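Structural overview for review
Given next are the chains, with one letter for each unit.
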Amino acid sequence: MADDLDLFTRHRPRLFGVAYRMLASRSDAEDVLQDAWLRWHAQDRQQLESAEAWLVTVVTRLCIDRLRQLQQERQHYVGHWLPEPLVDLAEPAAEIDLYGQASLAPSPEALLEQHSDVSFAYLLLLERLKPEERAAFLLREVFDNDYPDIAAILQKSEASCRQLVHRARERLSRHDAKSAGAPGSVTPRATLRAASSPVTRETHALLLEKFMQAVQSGQRDAMLGLLAEDARLIGDGGGKVASFPHPLAGAERISWLYYANLRRFGERIAYRAASVNGTPGLLRYVDGTLESAQVLETEGGRIREIYVVRNPDKLAAIARQQLDPA
């Protein structure tokens, strides 16, 4: 039993990486890994050539089945659907006040997990793909599997897997400014290349610090100087808390929203810097309770997209992390 657990634990980071990129949901990824563990525990390891290959295969196939269900459910999701955020609270993250400085330097271990292919922009682009396309694309483009390995995992021919990856690339490349920037569209406006090549962490962290100082002090002019003119704010309340039914478009409207929140809550609002899906982000608290996780996507030295996750179900894991950081 101990050997089984040790071996599974050794491969767990890779398995979770596959599951989260497939499902964009931490809770669903954890469920898949639990199912995979049960199958692993019942498996006769004497018959396996590679434990890792077997586990990746099982997790990938479970994710394909689960994603089919999730895509149906997300069609009926109330409001805008956003990924469940991954938040790293391992390092000290000072609260940001008007004159505060936030410590955003990641540990070497955290850096290994902070890849651009888990950014919100990237995950939202992947939502355009069918389950098998998504699996083949991720295995090839993110995890660098060879086509014979992908064929074995998906139980398809190599030619079919090459076609799946080709279709996925084409589907993502058809993401253009017209479709992405349409009113009410939640799809990110960044290209696939831009989504996978964000600005440096230092630049992002500096923008975040300046923006939050402006927000905390109610300096709308400073906010406007940091927001792109056509910036958008996209909220996810899941029908459980209030959120905007359409993206809030324009720097003016976004700055007024943050200003209104300051006027309404005043000192009851607190912000904590954290790594959210591999990039500097914010946790916002109202009266000491986590109210949202915010992701700021940048382009050209300005904030272009703000994703605000308010759905309590998607914040539950973050709250548990704070209670039990280990």
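For the structure itself, look to the data block above.
**With respect to the packing of helix α2 (residues 26-42) against helix α3 (residues 51-74)**
Running from N to C, α2 and α3 point in directions that differ by 135 degrees, and their axes come no closer than 9 Å. With respect to their mutual orientation, α2 and α3 come out oblique. Pair α2 / α3 crosses with right-handed handedness. For the pair α2 and α3, contact is made by D28, V32, D35, A36, R39 and W40 and by A51, W54, L55, V58, V59, L62, C63, R66 and L70, respectively. Each residue belonging to the contact of α2 with α3 can be placed in one class, and the counts come to eleven nonpolar, no polar and four charged.

**Focus: helix α6 (residues 131-141)**
Most of α6 sits out of view: eight of its eleven residues are buried. The complete set of buried residues in α6 reads P131, E133, R134, A135, A136, F137, L138 and L139.

**So, the packing of aromatic side chains**
Counted according to the given criterion, the structure contains six aromatic pairs. Here the aromatic rings of F8 and W37 are separated by 5.5 Å at their centres, their planes lie at 70 degrees, and the arrangement is edge-to-face. Placement of the pair is F8 in helix α1 (residues 2-23) and W37 in helix α2, with a sequence separation of 29 residues. Judged by relative accessible area, F8 falls into the buried class, the value being 6%. Of the residues examined, W37 reaches a relative accessible area of 13% and is grouped as buried. Measuring from centroid to centroid gives 5.8 Å for W40 and W54, while their planes differ by 50 degrees, and the two rings are tilted.

**Looking at the pattern of salt bridges**
This model, assessed by the stated rule, comprises 22 salt bridges. The partner of E291 in a salt bridge is R310, with the nearest N and O atoms 2.6 Å apart. Linking E291 in strand β7 (residues 289-299) with R310 in the loop between β8 (302-309) and α14 (312-323), this pair joins segments that are 19 residues apart in sequence. Note on E291: relative accessible area 14%, which makes it buried.

**Brief notes about helix α11 (residues 201-217)**
Two residues of an α-helix separated by three or four positions point the same way, owing to the 3.6 residues in each turn. In this model, α11 (17 residues) spans 24 Å end to end at C-alpha, consistent with the 24 Å of a helix rising 1.5 Å per residue. Within α11, burial applies to R201, H204, A205, L207, L208, E209, F211, M212, A214, V215 and Q216. One or two positions beyond α11, positive phi appears at G218, with a value near 70 degrees.

**Some thoughts on the pairing of β8**
Burial of β8 is extensive: seven of the eight residues sit out of reach of the surface. Sheet topology places strand β3 (residues 227-236) next to β8; six bridges connect them, and they run parallel. Bridging across to β8, D236 finds its partner in V309. One ladder, built from seven bridges, connects β7 with β8; its direction is antiparallel. Bridged to A293 within β8 is V309.

Conventions used here
Residues numbered from 1 in each chain as written. Predicted model: local features only at pLDDT ≥ 70, side-chain atom pairs only at ≥ 80, totals over all residues. Heavy atoms only, no water. Axes fitted to C-alpha atoms, helices over the stretch in contact; angles between N-to-C directions. Helix = DSSP H or I, 4+ residues; strand = E, 2+ residues; numbered from the N terminus. Parallel < 35°, antiparallel > 145°, perpendicular 65-115°, else oblique. Left-handed = near helix turned anticlockwise from the far one by under 90°. Contact = heavy atoms within 4.5 Å. Nonpolar A, V, L, I, M, F, W, Y, C, P; charged D, E, K, R; others polar. Buried < 20%, exposed > 50% of the residue type's maximum accessible area, 1.4 Å probe, protein only. Phe/Tyr/Trp six-rings, centres within 6.5 Å; stacked < 30°, edge-to-face > 60°. Salt bridge = Lys/Arg side-chain N within 4 Å of Asp/Glu carboxyl O. Expected span 1.5 Å × (residues − 1). Pairing = 2+ DSSP bridges.

None of this, on its own, says anything about what the molecule does.
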